[in-house]
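If you want the building blocks of each chain, they are given just below.
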Amino acid sequence: MYKKGHKLNYLIILIYVMAFLFFVFKMFFYAQYYGRFPDEMQHISYIAYLEKNHTVIPDFNNMKILEQQNVGNVDPNTLLNNKNIVQEYNFGSSTNYLGHPPLYYQIMRLSRAVHVKDNLVSVNLFKLRCFNIALSSIGLILILYMGYKRIGKNPILHWLYATIIVSVPMLAYGSAGINNDSLALVGLAFFLLGLLRFAEKKRNFVTYLIISLGVFIAFMSKLTSGLVVTISLLSYLILIIIKEKNAWFLVSKEFISTIPIYIVTVAYFLIVKFKTGSIQPTYKLLDPTAFYNSSFYVAVADRTHMGFGEYMQHFTTSFAQTWTGILSTVSFIKTGTLYSINSIGLLALLFIPIILIFQFKRSNRNNSIMLVLISIYSGLAISAIIQFLRSYNEYINISGYLGGYQSRYYLCGIPVLALSITFAFKNYFEKLSSPRNSRKSKLRHNQAGNSHNYKKLVLFIICLLFICLLYYEDFIYFLIYFKDYI
């Protein structure tokens, strides 16, 4: 029995090692052969600004976008495709519209890939991307570790979890370029780990510290991930207080000792609000003239007019397409219906976690962890609804802009989706492995055993087919149909 358990453990470790290596391979592959990452020059310009000014919080009104010397109107993303060449730039006159908190950009300065002398900026893009890939890998290792420690001893469940983590196309692609989604992934991973430890009754200082760091990193990476953790945390607090009929943990010394981290988080946004008039300054606020002359604003006469229902259909379809494909300066959006074999598996990842809600009362063994997953899944869903309402308001009342539907804002929630789906399958496996312990069930044990084994085999096959479908819809589909390599 010991040897069998030992072999299973080695197999599970192998599954995670292979998943990690596959994800890292995809990141380097996308960096070398796809490139053209969204807003990459704007993100690099943010790093260069901090490198030049050595300030903790930037003066958003004075941040400019880098321009390559003596090149003219050439797409900067195209210019940066020579990976090992150091490119030279000057700060231009265009306002950098990124109003994100500076933590990600301060971390990226540690790569020493951006150097500023007077107004001349030297950028080693390959080195910068490698540093971002390393940051993304840290988040991935933490996510895989959570699955390894909590899913149990069934290898197919670990394989399912690992596959979901590495299979959403935009995650590996976005993690290869320069953008703050990588830090949001780390922040949500910390937050999830902290809540899982709390649910497992490990309510010590380390747990509260991990939760507070998760909240801090999520907020300091981007406001969307901050909104997700806020809604998730409030949902979880309400549910756990109702469940345990006890809220004393909110005044424990372990929690109180982490309050300074929350204060620092709030203080940053108050400072930015005082300086700019907004907790996250927008392009319109920073440079109104440039905003009205940009692609983010559509003249009233040129606007496409949609009612609420039409816009909802546009938003949800576009959201789903960016989840199942790749959206960038050069996009790879899958053709055909969203419910085809090319997209249905990836799309199902967004909805299968709902099963947990119906399993909650019947699964005493896993319900503490399930409560965490349901809370964060609710945070992701509500945040997406808020994004839709904000985008609709922007479209109707401000700019006529039809963007703002990208699903990559929620890629940081991948570990929650993966763990939720895995636990939904885990609950079914455990139900089939543990028949009711009654006299009647014992009398029927022999005939029920065969039925349970058959159902477990069917469940195993479903897991296996779903895993294969995800691999096909992700990288295999890409290799078959993508042609526009750099």
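Above this text sits the structure in question.
Every chain begins its residue count from 1, and numbering advances along the sequence as written. Whole-chain, interface and lining totals are the exception, using all residues; otherwise, since this is a predicted model, local features are given only for residues with pLDDT of at least 70 and side-chain atom pairs are given and counted only at 80 or more. To obtain the side-chain values, all non-hydrogen atoms of the structure were used and water was disregarded.

(A) Region of the structure containing the overall build of the chain. Think of it this way: any DSSP run of H or I at least four residues long counts as a helix, any run of E at least two long counts as a strand, and we number them from the N terminus. A tally of helices and strands in the chain yields 21 helices and four strands. Restricting the calculation to C-alpha atoms gives the radius of gyration, and the globule rule supplies 2.2 Å times the number of residues raised to the power 0.38. Here the C-alpha radius of gyration of the chain, 24 Å, is about what a compact globule of 486 residues would show, namely 23 Å. For the chain, the spread of C-alpha atoms along the principal axes amounts to about 85 × 55 × 50 Å. Across the 486 residues of the chain, 53% fall into the buried class. Put simply, of all contacts in the chain between residues at least 6 apart along the chain, 80% involve residues at least 24 apart. For the purpose of charge, His is not counted, nor are the chain termini; Lys and Arg are scored as positive and Asp and Glu as negative. Charged side chains are reduced to one point each, which is NZ for Lys, CZ for Arg, CG for Asp and CD for Glu. Within the chain, one finds 44 positive and 20 negative side-chain charges whose respective centroids are separated by 20 Å. Burial here depends on accessible area, computed with a 1.4 Å probe over protein chains only, as a share of the maximum for the residue type. Under 20% is buried, over 50% is exposed, and the range in between is partly exposed. Should any heavy atoms of two residues lie within 4.5 Å, those residues are counted as being in contact.

(B) Structural detail: the packing of helix H9 (residues 205-221) against helix H12 (residues 259-276). Interaxial angle, 0 to 180 degrees, is taken between N-to-C directions of lines fitted to C-alpha atoms, where a helix line uses only the stretch in contact. Following both chains from N to C, one finds H9 and H12 inclined at 10 degrees, their axes separated by 9 Å at the closest point. Between H9 and H12, the angle falls in the class roughly parallel. Along this stretch, H9 crosses H12, giving a crossing that reads as left-handed. From H9, Leu209, Ile211, Ser212, Leu213, Val215, Phe216, Phe219 and Met220 reach across to H12, where they touch Ile261, Tyr262, Val264, Thr265, Tyr268 and Phe269. Tallied by class, residues from the contact of H9 with H12 come to 12 nonpolar, two polar and no charged. Each angle receives one of four descriptions, namely roughly parallel if under 35 degrees, roughly antiparallel if over 145, roughly perpendicular if within 65 to 115, and oblique otherwise. With the far helix as reference, a near helix turned anticlockwise by less than a right angle produces a left-handed crossing, and one turned clockwise produces a right-handed crossing. Ten residue types, Ala, Val, Leu, Ile, Met, Phe, Trp, Tyr, Cys and Pro, are classed as nonpolar, four, Asp, Glu, Lys and Arg, as charged, and the remainder, Gly among them, as polar.

(C) Seen up close, the pattern of salt bridges. The term salt bridge refers to a pairing of a side-chain nitrogen on Lys or Arg with a carboxyl oxygen on Asp or Glu at a separation within 4 Å. Inspection of every chain in the model, using the stated rule, returns 12 salt bridges. Notably, a salt bridge pairs Arg112 with Glu51, separated by 3.2 Å at the nearest N-O pair. Of the two residues, Arg112 sits in the loop between helix H4 (103-109) and strand S3 (114-117) while Glu51 sits in helix H2 (residues 40-53), which places them 61 residues apart along the sequence. On the basis of relative accessible area, Arg112 is assigned to the partly exposed category, the value being 40%. Residue classification places Glu51 among the buried residues on the basis of a relative accessible area of 8%. Members of the salt-bridge network, linked through shared partners, are Glu51, Arg109 and Arg112.

(D) Here's a closer look at the sheet that holds strand S2 (residues 86-95). Strand order in the open sheet formed by four strands is S1-S2-S4-S3, with antiparallel pairing between adjacent strands. The open sheet has two edge strands with one neighbour each: strand S1 (64-68) and S3. Neighbour to neighbour, the strand axes of the sheet diverge by 40 degrees on average, direction disregarded. Pairing of S2 with strand S4 (residues 120-124) involves five bridges; the strand directions are antiparallel. Looking at S4, one finds that Gln87 is bridged to Val123. Most of the contacts of H2 go to S1, to which it runs at about 105 degrees, and overall it touches S1, S2, S3 and S4. The rule for pairing is simple: two strands pair if DSSP sees at least two bridges between them.

(E) Structural view of unusual backbone geometry. A positive phi is found at His54, a non-glycine position, where the angle reads about 50 degrees. Structurally, His54 is set in the loop between H2 and S1. A positive phi angle, near 55 degrees, is found at Arg112, a position not held by glycine.

(F) The side chain of Thr95, seen in detail. By the secondary structure assignment, Thr95 is in strand S2. Note on Thr95: relative accessible area 3%, which makes it buried. Counting of polar contacts relies on pairs of N or O atoms within 3.5 Å, with two restrictions inside protein: one atom must be capable of donating a hydrogen and the other of accepting it, and residues adjacent in sequence are counted only when both atoms are side-chain atoms. A polar contact of 2.7 Å, which involves the side chain of Thr95, links it to the side chain of Asp287. Residue contacts for Thr95: discarding those within four places in its chain leaves Met63, Lys64, Ile65, Tyr283, Leu286 and Asp287.

(G) Geometry of the packing of aromatic side chains. Under the pairing criterion, centres of Phe, Tyr and Trp rings, with the six-membered ring standing for Trp, must be within 6.5 Å; the plane angle then separates stacked pairs below 30 degrees from edge-to-face pairs above 60, leaving the rest tilted. The full count for this structure, using the stated rule, is 57 aromatic pairs. Plain terms: the ring middles of Tyr472 and Tyr477 are 6.1 Å apart, the flat faces sit at 90 degrees to each other, and that makes the pair edge-to-face. Relative accessible area serves as the criterion here: at 5%, Tyr477 is assigned to the buried category. Cation over ring: Arg36 sits above Tyr34, and NZ or CZ is 5.5 Å from the ring centre. Two limits define a charge over a ring: the Lys NZ or Arg CZ must be within 6 Å of the ring centre, and within 35 degrees of the ring normal. Taking NZ or CZ as reference, Arg203 lies 3.9 Å from the ring centre of Phe198, over its face.

(H) The side chain of Glu430, seen in detail. Tracing the backbone shows Glu430 in helix H19 (residues 414-433). Of the residues examined, Glu430 reaches a relative accessible area of 17% and is grouped as buried. Leave out the neighbours within four places in its chain, and Glu430 touches Arg365 and Asn366.

(I) Local environment of the pairing of S3. In terms of strand pairing, S3 meets S4 through four bridges, oriented antiparallel. Each residue of the ladder has a partner; that of His115, found in S4, is Ser122. In sequence, S3 turns back onto S4 through a hairpin of two residues, with Asp118 there showing a positive phi of about 60 degrees.

(J) Geometry of the environment of Ser137. Mapping Ser137 onto the fold places it in helix H5 (residues 125-150). For Ser137, a relative accessible area of 10% translates into the label buried. Once the C-alpha coordinates of Ser137 and Asp302 are considered, the two residues, 165 residues apart in sequence, prove to be 44 Å apart. Here Ile133 takes part through its backbone oxygen, which lies 2.8 Å from a polar atom of the side chain of Ser137.

(K) View of the packing of H5 against helix H6 (residues 155-167). As a packed pair, H5 and H6 sit with axes 10 Å apart at the nearest point and diverge in direction by 160 degrees. Judged by the angle between their axes, H5 and H6 are roughly antiparallel. In this structure, the crossing between H5 and H6 has a hand that is right-handed. For the pair formed by H5 and H6, the contact residues are Leu140, Ile143, Leu144, Met146, Gly147 and Tyr148 on the first element and His158, Tyr161, Ala162 and Ile165 on the second. In the contact of H5 with H6, the residues fall into eight nonpolar, two polar and no charged.

Honestly, it's all geometry; don't read function into it.
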